[in-house]
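Below, each chain spelled out in residue letters.
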Amino acid sequence: TLVVVGGMHGSEFCGIEAAIRLFREVEPKNLKGTLKVVMIYNLPAFENNLGFLVPQDGINPGRVFPGDPNGSFSEVMAYHISENVLRTADYYVELHGGDIPEALVPFVNAPITGVEEVDKKSRELAMVYNIALVVGGDLTKLPRPLHTSGFRAMTLEGIPAILAESGQQGILTMEDTERHLVGLRNIMV
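Presented here is a report on the structure given in the accompanying data block. (Residues numbered from 1 in each chain as written. Predicted model: local features only at pLDDT ≥ 70, side-chain atom pairs only at ≥ 80, totals over all residues. Heavy atoms only, no water.)

1. Re the environment of His9
So, point 1. Tracing the chain through its elements places His9 in the loop between strand E1 (2-5) and helix H1 (13-25).
So, point 2. A residue is classified by how much of its surface remains accessible, and His9, at 5% relative accessible area, is buried.
So, point 3. Here the alpha-carbon distance between His9 and Gly170, two residues 161 residues apart in the chain, equals 9.8 Å. (Helix = DSSP H or I, 4+ residues; strand = E, 2+ residues; numbered from the N terminus. Buried < 20%, exposed > 50% of the residue type's maximum accessible area, 1.4 Å probe, protein only.)

Given below as structure tokens:
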């Protein structure tokens, strides 16, 4: 099972568009596994063209995983997607697209957990994504309990995962969207 999530931040349009296009182009009968696509995770921010934050609580949703069923709006949202979608994955890709104030070079983040098999598979996902810049933060040196992004939380739970960033300043470009689609197609192959 491959889980793909776009729209963690509501104004990262290249990641959102890539998730939508992937969903539309895949023929289910041609799959040899399961593909789950969340096109716009942070719908409240998308509807308000709000960068980084969930408007209901002013929290960055990429900092509260795996969430809390009794927490803030963002924490409850993270808890439910973690429980019902992310933890069903064998592989997880989080699509980002450079939010409103970000001028970014495309990159892939493959975190380091210290678990050899998870790190190896996350690195393989990153390498086939076809973006030259691959980074990876060492999660073994962070304090516990850790509330973090979805892709980091899932790697710590043993699910190989990456974050792919292509796009900038909340601008939808087909070049940055296509970069995501090439990477996603490569992973699916």
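2. Remarks on the layout of surface pockets
So, point 1. Space inside the largest pocket adds up to approximately 490 Å³.
So, point 2. Around the largest pocket, the lining comprises 20 residues; the ones closest to its centre are Leu2, Arg185, Ile187, Met188 and Val189.
So, point 3. Contributing elements (two or more residues each) for the lining of the largest pocket: helix H4 (116-128) and helix H6 (174-188).
So, point 4. Examining the composition of the lining of the largest pocket, we find that 4 residues originate from one element, H6, more than from any other. (1 Å grid on protein atoms, 1.4 Å probe; cavity = no way out; pocket = protein on both sides within 12 Å on 5 of 7 lines; lining within 4 Å. Points joined across faces, edges and corners; volume = space filled by probe spheres on them.)

3. A closer look at the sheet that holds strand E2 (residues 35-38)
So, point 1. Ordered in space as E2-E1-E3-E6-E4-E5, the 6 strands form an open sheet in which the pairing is mixed. Sheet topology places E2 and strand E5 (134-135) at the edges, where each strand pairs with a single neighbour.
So, point 2. Examined bridge by bridge, strand E4 (residues 107-109) and E5 share 2 bridges and lie parallel to one another. Following the sheet pairing, Asn109 is matched in E5 by Val135.
So, point 3. Those strands touched by H1 are E1, E2 and strand E3 (91-96), and its axis lies near 140° from that of E2. (Pairing = 2+ DSSP bridges. Contact = heavy atoms within 4.5 Å. Axes fitted to C-alpha atoms, helices over the stretch in contact; angles between N-to-C directions.)

4. Side note on H1
The periodicity of an α-helix, 3.6 residues per turn, causes residues three or four positions apart to be oriented the same way.
So, point 1. Here H1 contains 13 residues, and its C-alpha end-to-end distance of 18 Å stays within 8% of the 18 Å for a straight helix at 1.5 Å per residue.
So, point 2. Buried residues of H1: Cys14, Gly15, Ile16, Ala18, Ala19, Ile20 and Leu22, and no others.
So, point 3. Looking at the buried positions of H1, the neighbouring elements they touch are E1, E2, helix H2 (43-47), E3 and H6. (Expected span 1.5 Å × (residues − 1).)

5. Regarding a nonpolar patch on the surface
So, point 1. On the surface, Val105, Leu133 and Val135 cluster together into a nonpolar patch covering about 230 Å² of accessible area.
So, point 2. Take Val135: its relative accessible area is 32%, and that puts it in the partly exposed class. (Patch = residues over 30% accessible without salt bridge, like charges linked within 9 Å, V, L, I, M, F, W, Y side chains within 5 Å. Areas by Shrake-Rupley, 256 points an atom, 1.4 Å probe, with all protein chains shown as cover. Salt bridge = Lys/Arg side-chain N within 4 Å of Asp/Glu carboxyl O.)

6. Topic: the pattern of salt bridges
So, point 1. Following the criterion strictly, the structure yields 11 salt bridges and no others.
So, point 2. Residue Glu157 is joined to Arg87 by a salt bridge in which the shortest nitrogen-to-oxygen separation is 2.6 Å. With Glu157 in the loop between helix H5 (150-156) and strand E6 (161-165) and Arg87 in the loop between helix H3 (73-84) and E3, this residue pair connects regions lying 70 residues apart in the sequence.
So, point 3. The network of salt bridges with shared partners includes Arg21, Glu25, Glu178 and Arg185.

7. Remarks on the packing of H1 against H6
To characterise two packed helices, one gives the angle between the axes of the helices and the distance between these axes.
So, point 1. Relative orientation of the contacting elements H1 and H6 amounts to 50°, with a least axis distance of 8 Å. What the angle tells us is that H1 and H6 run oblique. The element H1 and its partner H6 pack so that their crossing is right-handed. Packed against H1, whose contacting residues are Cys14, Gly15, Glu17, Ala18, Arg21, Leu22 and Glu25, the element H6 presents Met174, Asp176, Thr177, Glu178, His180, Leu181, Leu184, Arg185 and Met188 at the interface.
So, point 2. A breakdown of the residues in the contact of H1 with H6 according to their chemical character gives 7 nonpolar, 3 polar and 6 charged. (Parallel < 35°, antiparallel > 145°, perpendicular 65-115°, else oblique. Left-handed = near helix turned anticlockwise from the far one by under 90°. Nonpolar A, V, L, I, M, F, W, Y, C, P; charged D, E, K, R; others polar.)

8. Here we look at H4
So, point 1. Between its terminal C-alpha atoms H4 stretches 18 Å, which fits the 18 Å expected from 13 residues at 1.5 Å a residue.
So, point 2. Those residues of H4 that sit buried are Val118, Asp119, Ser122, Leu125 and Ala126. Along the axis of H4, the buried positions cluster into a sector of 125°, meaning they face one direction only.
So, point 3. On its buried face, H4 sits against E3, E4, E5, H5, E6 and H6.
So, point 4. Note on H4: the residue one or two positions beyond its end, Asn130, has a positive phi of about 75°. (Arc of directions from axis to C-beta.)

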